[in-house]
Every structure is written in structure tokens, then in C-alpha cells.
Amino acid sequence: TGTRDGLYVTASRTVCFGRPDEAFRKEHDTACRLSGVYRSLSTPGGSVGSAGETGRWLTADTPFEYEWRQTPPGYGAGWFAAEELRRAGHEEKFVANQAVVWQARVGSAAVVDTVLVGEAGPVAVTPPEGWPFKRVKMQDRTSDVPDLLVREG
């Protein structure tokens, strides 16, 4: 999490020293897919809850079907490092240009980035520039999601 001119953003990147084992690779691949799904829902009128339900559906009947219970899929950002988007049992709907931090966590893998809610889809604030990425497509939206940086030798 970093701040500039009073505004906050959050991102995570994962480095592996040597090839990751198969179990971690599956966890990270699933987190990448979830991240792409969460991002695709970053439109006005969407919510953290709708993203969570979609993620729960995506991981149903997989080894990761209960991961959604471990952490919320995201939260707001901006003037504070983390802003709760659920108050008193009510979910706030996203509005255009709102900053949302999506945190797709599966097992020990995490893919976390900040996006702006856009009328035409999400706008990445912390894109994986100069970093390996996976291109995730959800319906008509495509997102570049940070992948593992593997250092061997």
C-alpha cells in the first residue's frame, strides 16, 4: 500500500526463487482467474458482494471452494488505505471513478491490485507493467493480471 498526494493504492506481486511447486501454482492460477473476474465487475452499480458471489460460483466444486470465507474479495481505497464498502448490513454500490482494491486470495497465493470503476470497464491503477502477466477474459472484458515472477538459478 502506498500513498501519493493523500491518495492510497494497493498492489501485490509474487516472486518465486526456483520453480513453484504444483500446489502453489494451482493456487496462484486460481487467484489470477478470480482477480480477472473481480476486475470485470468494476462497473457502476456493482458491489463487493456481487464479486464475492461470482467468485464463490467460480470456485464451486474445486479444491478451493471455501476460500471465499477467508477474506472479502475487495474493499474501497482512496483517502484511506482501506475503506469498508459494507455498512450496517448494506452494501455500497460502485460509482464511476471509485477506487477499489481487489484481493484474490487462494491458499497461500494473493493477487492484489487497485482499479478505478469505469463506465466502459475497470481502469487499472496498478497494472503489471514490466512484470509477467496472465490475460484473463471474462465475457467481453480482458484484464492483464500479474503472474508469478520466477527466478531460477
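Anyway, here's the lowdown on the structure attached to this text. The structure displayed is predicted, hence computed values, not measured ones.

### Let's talk about helix 1 (residues 22-40)
In an α-helix there are 3.6 residues to a turn, and that puts residues three or four apart on one side. Relative to the 27 Å expected for 19 residues at 1.5 Å per residue, helix 1 spans 27 Å between its end C-alpha atoms, a close match to the ideal helical length. The opening residue of helix 1 is Asp 21, an N-cap whose side-chain oxygen sits 3.3 Å from the backbone nitrogen of Ala 23.

### Some words on the packing of aromatic side chains
Enumeration over the complete set of coordinates arrives at two aromatic pairs. Seen from their ring centres, Tyr 38 and Trp 102 are 5.4 Å apart, and the 35 degrees between their planes marks the pair as tilted. A residue pair is termed long-range when its members are at least 10 positions apart, and Tyr 38 in helix 1 and Trp 102 in strand 7 (residues 99-106) qualify at 64 residues. Residue Tyr 38 is classed as buried on the basis of its relative accessible area of 7%. Between the aromatic rings of Phe 94 and Trp 102, the centroid separation amounts to 5.9 Å while the plane-to-plane angle is 80 degrees, which identifies the pairing as edge-to-face. Judged by relative accessible area, which is 3%, Phe 94 ranks as buried. Clustering of aromatic rings is evident, with ring pairs tying together Tyr 38, Phe 94 and Trp 102.

Conventions adopted
Residues numbered from 1 in each chain as written. Predicted model: local features only at pLDDT ≥ 70, side-chain atom pairs only at ≥ 80, totals over all residues. Heavy atoms only, no water. Helix = DSSP H or I, 4+ residues; strand = E, 2+ residues; numbered from the N terminus. Expected span 1.5 Å × (residues − 1). Polar contact = N/O pair within 3.5 Å; in protein donor to acceptor, adjacent residues only side chain to side chain. Phe/Tyr/Trp six-rings, centres within 6.5 Å; stacked < 30°, edge-to-face > 60°. Buried < 20%, exposed > 50% of the residue type's maximum accessible area, 1.4 Å probe, protein only.

All we've got here are geometric facts, nothing functional implied.
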